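In case you want the letters, here they are:
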Amino acid sequence: EAQVTQNPRYLITVTGKKLTVTCSQNMNHEYMSWYRQDPGLGLRQIYYSMNVEVTDKGDVPEGYKVSRKEKRNFPLILESPSPNQTSLYFCASRFLTGNYGYTFGSGTRLTVV
Amino acid sequence: QQQVKQSPQSLIVQKGGISIINCAYENTAFDYFPWYQQFPGKGPALLIAIRPDVSEKKEGRFTISFNKSAKQFSLHIMDSQPGDSATYFCAASISQGAQKLVFGQGTRLTINP
């Protein structure tokens, strides 16, 4: 089944404790992206990658890091999480050309206390 | 200029009625306008999309109407059903370059039986 897999689904952590949210896709998509979803703000892009070893900032990159060492994986790293990073996070992927529709993962609900 | 403004924030429609959600954009370079549907606990899923060379696109009960001169587009759900109850996001992107998808704020749609 074609899908984007995120882990974990739920995570509660304390301020300052480094964490990684994993994202993997099995559709050979070149483009991968991380979004955060907050009430009344819709989905805002954090980082994106157009291919292996090519990453760039989205609209709200502060406090986040990403890497793209393999085509299928695009982890999101929070080096020192803060309470304002409490949110619902989505990984998404798509082909660079042709159909521009994203496939989204099921989300990771992160709470930073 | 990169924003997409979506209204209303929430909408309640009776079963069998027509649900209408509106979006407006500023950036005339946008050339791809999708709508995503999100059920609780799930990631957004592509519902229907339109390009600015057509004024309307219909897929089953779902129709996108596009007004290029007004820089507005809307989603119409005909014969709305309780199973359509979800959050709907409009979005816009530019086909060239980084092709970031910019999302509206979302509309929580409830269809009363």
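Everything here concerns the structure above.
Residues numbered from 1 in each chain as written. Chains lettered and ligands numbered in written order. Predicted model: local features only at pLDDT ≥ 70, side-chain atom pairs only at ≥ 80, totals over all residues. Heavy atoms only, no water.

1. Observations concerning the pairing of strand β6 (residues 56–59) of chain B
Residue and element names in this part refer to chain B. Counted only if it meets this: By the convention used here, strands pair only if DSSP detects at least 2 bridges between them. Helix numbering and strand numbering both begin at the N terminus, where a helix is a DSSP run of H or I of at least 4 residues and a strand a DSSP run of E of at least 2.
Relative to strand β7 (residues 62–67), β6 runs antiparallel, the two sharing four bridges. If you follow Glu-59 over to β7, its bridge partner there is Phe-62. Between β6 and β7, which pair antiparallel one after the other, the connecting turn spans two residues, and Gly-60 there sits at a positive phi close to 65°.

2. Re the side chain of Thr-107 of chain B
All names here are of chain B. Where we set the bar: Only protein chains enter the accessibility calculation, which uses a 1.4 Å probe; a residue whose area is less than 20% of its type maximum is buried, one above 50% is exposed, and one in between is partly exposed. Contacts described as polar in this section are N or O atom pairs within 3.5 Å, which, within protein, must combine one atom able to donate a hydrogen with one able to accept it, while residues neighboring in sequence count only if both atoms come from side chains. Contact criterion: two residues are considered in contact whenever any of their non-hydrogen atoms come within 4.5 Å of each other.
Its place among the elements puts Thr-107 in strand β11 (residues 107–112). For Thr-107, a relative accessible area of 0% gives the class buried. At 2.5 Å, the side chain of Thr-107 and the backbone oxygen of Pro-8 are in polar contact. Among all residues touching Thr-107, those that are not within four sequence positions of it are Gln-6, Ser-7, Pro-8, Gln-9, Ser-10, Leu-11, Ile-21, Ala-86, Thr-87 and Tyr-88.

3. A look at the nonpolar core
Stated precisely, the cut-off is as follows: Remark: nonpolar core denotes a set of buried residues (Ala, Val, Leu, Ile, Met, Phe, Trp, Tyr, Cys) joined through side-chain atoms within 4.5 Å.
Core analysis: the largest hydrophobic core is formed by 25 residues, its most contacted members being Val-4, Phe-33, Trp-35, Phe-73, Leu-75 and Tyr-88 of chain B. Elements with a contribution of two residues or more to this core: β2 (10–14), β3 (19–25), β4 (33–38), β5 (45–50), β7, β8 (72–77), β9 (86–92) and β11 of chain B. Not counting residues within four places of it along the chain, the set of residues in contact with Leu-75 of chain B comprises Ser-19, Ile-20, Ile-21, Trp-35, Leu-47, Ile-48, Phe-62, Thr-63 and Tyr-88 of chain B. Counting residues in each nonpolar core, the second largest holds 19 residues, with Cys-23, Met-27, Val-60 and Phe-74 of chain A among its members.

4. A short note on the interface of chain B and chain A
Heads up, the rule is: Using a 1.4 Å probe, buried area is obtained as the accessible area two parts lose upon being combined, added over both of them. Throughout this description, the term salt bridge denotes a Lys or Arg side-chain nitrogen within 4 Å of a carboxyl oxygen of Asp or Glu. Classification convention: Asp, Glu, Lys, Arg as charged; Ala, Val, Leu, Ile, Met, Phe, Trp, Tyr, Cys, Pro as nonpolar; all other residues, Gly among them, as polar.
Each partner contributes to the interface: chain B provides 20 residues, whereas chain A provides 23 residues. Here chain B and chain A share an interface that buries about 1700 Å² over both sides, 53% of which is from carbon and sulfur atoms. There are one salt bridge connecting chain B and chain A. Between Lys-100 of chain B and Asp-59 of chain A there is a salt bridge, and its shortest N-O distance comes to 2.5 Å. Our count for the contact surface shared by chain B and chain A stands at five residue pairs in polar contact (both at pLDDT 80 or more). Of the residues belonging to the side of chain B that touches chain A, the class tally is eight nonpolar, nine polar and three charged.

5. Remarks on the pattern of salt bridges
Pairing between side chains becomes possible if they bear opposite charge and their charged atoms approach one another. Evaluated as defined, the whole model comprises seven salt bridges over all chains. One salt-bridge network, in which partners are shared between bridges, spans Arg-36, Asp-38 and Arg-44 of chain A.

6. What to know about the side chain of Asp-38 of chain A
Residues and elements named next belong to chain A. Mapped onto the fold, Asp-38 is located in strand β4 (residues 31–38). In this structure Asp-38 comes out as buried when scored by relative accessible area, which is 11%. Side-chain polar atoms of Asp-38 contact the side chain of Arg-36, separated by 2.8 Å. Discounting chain neighbours no more than four positions away, the residues touching Asp-38 are Arg-44, Thr-86 and Ser-87.

7. Regarding the environment of Ser-93 of chain B
All names here are of chain B. Residue position: Ser-93 is located in the loop between β9 and β10 (102–103). A residue is classified by how much of its surface remains accessible, and Ser-93, at 4% relative accessible area, is buried. In this structure the C-alpha to C-alpha distance between Ser-93 and Asn-67, which are 26 residues apart in sequence, comes to 16 Å.

8. What about the packing of aromatic side chains?
Just so we agree on the cut-off: We call Phe, Tyr and Trp rings a pair once their centres come within 6.5 Å, taking the six-membered ring for Trp, and we label the pair stacked below 30 degrees between planes, edge-to-face above 60, and tilted otherwise. Charge-over-ring placement is defined geometrically: NZ (Lys) or CZ (Arg) within 6 Å of the ring centre, and within 35 degrees of the ring normal.
Under the criterion given, the structure shown has 20 aromatic pairs over all chains. Between Phe-90 of chain A and Phe-104 of chain A the ring centres are 6.2 Å apart and the planes differ by 85°, which places this aromatic pair in the edge-to-face class. Of this pair, Phe-90 of chain A sits in strand β9 (residues 87–94) while Phe-104 of chain A sits in strand β10 (residues 103–104), and the two are 14 residues apart along the sequence. With a relative accessible area of 9%, Phe-104 of chain A lands in the buried category. Between Phe-66 of chain B and Phe-73 of chain B, the ring centres sit 6.4 Å apart and the planes meet at 40°, which makes this aromatic pair tilted. Taking relative accessible area as the criterion, Phe-66 of chain B reaches 7% and is therefore assigned buried. Of the residues examined, Phe-73 of chain B reaches a relative accessible area of 1% and is grouped as buried. Here the aromatic residues Tyr-31, Tyr-35, Tyr-48, Phe-90, Tyr-102 and Phe-104 of chain A together with Tyr-36, Phe-89 and Phe-103 of chain B are joined through ring pairs into a cluster of three or more. Residue placement shows Arg-94 of chain A over the ring face of Tyr-31 of chain A; its charged tip is 4.0 Å from the ring centre.

The values are spatial; any link to function lies outside them.
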